[in-house]
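Structure at a glance
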Amino acid sequence: MKKALSLLVFSMLLIFCKVGHSQTSSEYLMKAAFIERFTRFTTWPNSNGFSDNSRPFIISVLGDNPFDGVLIRVFLDHKVKNKNVELRYLSDINQIKDCSILFITSKMSPKISQIIRKTQNKPILTISDTPGFCEAGVLVNFFLLNNKLRFEVNQTKASNSTLKLSHLILQHAKIIEPKQK
Amino acid sequence: MRFFKQLPLKWKNILVILVVSMLTTSVGLAIGSYIVVTNYKASMVQKVHIAAKLTAKMAISEISFGHGGEMRKYLMWLKEIPDLKNARIYTPDNNLYSALNSEDTLPQKPKNSKNSWYKYDDDYLHLSEPMLQDGKYEGFLYIRIGMETLDNQIFRYLKTTLIILVLLFFLSYFFASFFQKVLSRPILHLAQTAQKVTQTGNYGIRIKKTTSDEIGKLYDQFNSMLEQIQTRQAKLKEANSALSESKEKFKKISSSANDAIIVIDNTQNIVFWNRAATKIFGYTKEEILTKPLVKLLPNNRQKERFGVVARAMVQQNATEKNPSPYEMLAIRKDKKTIDIELTASKIEVKQNNHWVTIIRDITDRKIAQQKLKDATEKAIESEKLKSAFLQNISHEIRTPMNGIMGFAGLLKDPMTTQKELHEYAGYIVENGENLILLIDDIVDISKIGSEQMTLNKQTINLTKLLKDIYITQNKQKKTHQNSRVKLILNETLLSCNTVIDTDPDRLKQVFFKLLSNAIKFTERGVVEFGYEIIDNKVQFFVSDTGIGIEKQNYNKIFETFSKINKNTSKLYCGTGLGLAISKSIINLLGGDIWVESEVGKGSIFYFWLPLSA
């Protein structure tokens, strides 16, 4: 089952990499796939009942949903860390609660510092696809280079976080080290 | 192994040390080689495994985030591994995803596994590392490495080992030949000393002790052994000289003894024989030793007697009395029987009973004894005879003397007539003649007794002699008026003129005595005499028809003064000397006399003389 799924994802990845022109949906399919990869290379602390597998693995999308059902397709019947995945679509900052991954859309840029503060010291992998967000304090920020999906990682943030990002992630990331802190 | 046994001690030691050192070194080196190779392999696996793990992780991240474009970059890291043949990444469904060298070849597809594994085969190390991330299998990395470097390394190692082994061999040999001396030198020294002792026979040699180990003890033992031998030899020498001295003494004693000393063993075989024994029995020592003693005994009676004697002797010895010697008969080698005097005693030699017999030849002594005995008996006899003789003589002399004296008295009687005178004178003459005859006889007897009888030998004609005797006897018979007896000379035998060399007077004397006896003891009948020639002898005979003689008296009548019948002696008076004188004369003439008779019918006296002297 797992094998089959991995194969599926892998194949999709290949397909969408090559079929670059269907810009929006393929781009977000890639991003959804990458999010799934990040779950593999990231370790969440076992505090706050994370080790309880009956609780779902919560992925929240803050702002307007740009994935257009791609996320559901990727995480449908897919388990992360032996947990069922629950997708939440949020519009208010205050709705951020005990999620494990928080995707912050570019619409939320005015409130970014507020969001960062809200997620500070929590085991939440913050992901965005807006330039400058990484410097603002988001852990992982997607960007496109030569029409290929890349990502940058705020190293300071990552090393201060209770999450553990595999160095293999960092291997492929562009490292951002904000000097303000 | 036989070859090894024949090697000298030095080479044995060297060989043993060499074999042991080479064996241990080889085993050590082999174990070392094995460990080195195994370690090398293990460390290679470890190194490659770490690189593979890292590369696999990188490959996962590349697959996850790097769009796969830079996969070869990660595989390139593995290029640093020496002798790398293949480095490939396979998809989970075992399809090749990426390879380090696009032209590289692989004889067979690697095993698909979610576990890391490695395998050495003859020429390659195969290693596979799965690409797993958070439980998701993304394929595997496969690496194949050639063994050239390892082989080189092993070869180099073996070369070094071999060189070390050779060097060690020479080193071992050097040390072995040096140290073997420590072991072999004292033993060689011992061997040389032992050889020296054997060759020179000098047991005074001692080996100097240098160590106090087992060899030192061996030296001590060797020395004490030599000492014992030396002491024993000295004692033996002493004992030998004492023995030879006593042997010499014994030999001299035994050979100087005049008596035979003969020793026999339990089975009565002779085991010792001295010189005197040879002299007595005629057997040499070589002839008689181991022969039974009974060989020296003439008959079964003596053999039995010997047993009895020996036992008795031993018994006497046991009671500590001096055994008195026994007299026995023995037989010499020349079958001559000898008288011996024997003393026996039992001795014990080496727990065997032996009998020592001492034998003295007493044959000469026996003869002397017998002679002495005979002489004594004779003396006693002659003493008796002498008194009897005197008694007889006095009687015989008295009788005619009485007649003479009686008739001489009558002569003095004046009343005696002339005729009576003549008659009486006749009686006196007759008695006087008898007396003279008697005195002649006595003279003869005493001559014979004192061996003073002399013979006057002449060559005479027997026929003539006998005729003379006949004539004289016939005349005498007539004078004695014994006419009832007829005297015959057997003339049939007188035909030839036999000549004999003898004393005629003595022969005549014998005939006169025999004839007068015959006539005297014959009442009536014939007295015949004559001779015949038998076997170069002249055999005379005088036969009568008289009273005869009992057989038991045949010999007695020839003894001096013997008269058979006391009753008839009165009737036939005589001295009883006649036959004794006759026998003595005939014996002197070299002949013999005997009688054959039948009581009441008559007697024949035979005597013979040698024809030629």
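The structure we're discussing is the one just above.
One structure accompanies this document, and this report is about it. These numbers were taken from a predicted model, which means no experiment stands behind them. (Residues numbered from 1 in each chain as written. Chains lettered and ligands numbered in written order. Predicted model: local features only at pLDDT ≥ 70, side-chain atom pairs only at ≥ 80, totals over all residues. Heavy atoms only, no water.)

**Some thoughts on the overall build of chain A**
Along its length, chain A carries seven helices and 10 strands. Each of the 181 residues in chain A was classed as buried or not, and the buried ones make up 48%. Taking contacts inside chain A between residues at least 6 apart in sequence as the whole, the part at least 24 apart equals 60%. A total of about 9200 Å² of accessible surface is found on chain A, and carbon and sulfur atoms cover 52% of it. (Helix = DSSP H or I, 4+ residues; strand = E, 2+ residues; numbered from the N terminus. Buried < 20%, exposed > 50% of the residue type's maximum accessible area, 1.4 Å probe, protein only. Contact = heavy atoms within 4.5 Å. Areas by Shrake-Rupley, 256 points an atom, 1.4 Å probe, with all protein chains shown as cover.)

**Brief notes about the sheet that holds strand β5 (residues 136–146) of chain B**
All names here are of chain B. Strand order in the open sheet formed by five strands is β2-β1-β5-β4-β3, and the pairing between neighbours is antiparallel. Across the chains shown, the open sheet's two edge strands, defined by having one partner strand only, are β2 (96–99) and β3 (117–120). For this sheet the average axis-to-axis angle between neighbouring strands, irrespective of direction, equals 20°. The pairing of strand β1 (residues 84–90) with β2 spans three bridges and is antiparallel. Along β2, the bridge assignment pairs R88 with A99. Against the sheet, helix α2 (residues 9–65) touches β1, β2, β3, β4 (124–133) and β5, its axis set at about 35° to β4. (Pairing = 2+ DSSP bridges. Axes fitted to C-alpha atoms, helices over the stretch in contact; angles between N-to-C directions.)

**Thoughts on the pairing of β5 of chain B**
All names here are of chain B. With 11 of 11 residues buried, β5 lies mostly within the body of the structure. Looking at chain direction, β1 and β5 are connected through six bridges and run antiparallel. Each bridged residue has a counterpart across the sheet, and for Y90 the counterpart in β5 is F140. In this sheet, β5 lies alongside β4 in antiparallel orientation, the contact comprising nine bridges. When the sheet's bridge partners are listed, L132 is paired in β5 with Y137. Connecting β4 to the next strand, β5, in antiparallel fashion are two residues, including D134 with a positive phi near 55°.

**Here's the deal with the pattern of salt bridges**
All names here are of chain B. Taken as a whole, this structure holds 22 salt bridges over all chains when the rule is applied. Across the pair D259 and R360 runs a salt bridge whose closest N-O atoms are separated by 2.9 Å. With a gap of 101 residues between them, D259 in the loop between α5 (214–256) and β6 (260–264) and R360 in strand β10 (residues 352–361) connect regions that are remote in the sequence. A relative accessible area of 15% places D259 in the buried class. Classification of R360 by relative accessible area gives partly exposed; the value is 38%. Here K601 ties to E598 by a salt bridge, and the two come within 3.8 Å at their closest N and O atoms. For K601, a relative accessible area of 58% puts it in the exposed group. Exposure remark for E598: the relative accessible area of 47% places this residue in the partly exposed category. (Salt bridge = Lys/Arg side-chain N within 4 Å of Asp/Glu carboxyl O.)

**A short note on the packing of helix α9 (residues 363–412) of chain B against helix α10 (residues 418–449) of chain B**
Residues and elements named next belong to chain B. Close contact between α9 and α10 brings their axes to 8 Å; oriented N to C, the two are set at 160°. Taken together, the axis directions place α9 and α10 in an arrangement best described as roughly antiparallel. Taken as a pair, α9 and α10 cross one another with a handedness that is left-handed. Where α9 abuts α10, its residues F389, I393, E396, I397, P400, M401, G403, I404, F407, A408, L410 and L411 lie against L421, Y424, A425, Y427, I428, N431, G432, L435, L438, I442 and I445. Across the contact of α9 with α10, the residue classes break down as 19 nonpolar, three polar and one charged. (Parallel < 35°, antiparallel > 145°, perpendicular 65-115°, else oblique. Left-handed = near helix turned anticlockwise from the far one by under 90°. Nonpolar A, V, L, I, M, F, W, Y, C, P; charged D, E, K, R; others polar.)

**Structural notes on α5 of chain B**
All names here are of chain B. For α5, which comprises 43 residues, the first-to-last C-alpha distance of 61 Å matches the rise-based estimate of 63 Å (1.5 Å per residue) to within 8%. Looking at the buried positions of α5, the neighbouring elements they touch are α4 (148–200), β6 and β7 (270–273). The N-capping residue of α5, defined by a side-chain oxygen 3.1 Å from the backbone nitrogen of I215, is D213. (Expected span 1.5 Å × (residues − 1). Polar contact = N/O pair within 3.5 Å; in protein donor to acceptor, adjacent residues only side chain to side chain.)

**Let's talk about the nonpolar core**
Counting residues in hydrophobic clusters, the biggest one holds 64 residues, and the most contacted among them are F38, L125 and F151 of chain A. Residues L438, V510, F511 and A580 of chain B belong to the second largest nonpolar core, which totals 51 residues. (Core = buried A, V, L, I, M, F, W, Y, C linked by side-chain atoms within 4.5 Å.)

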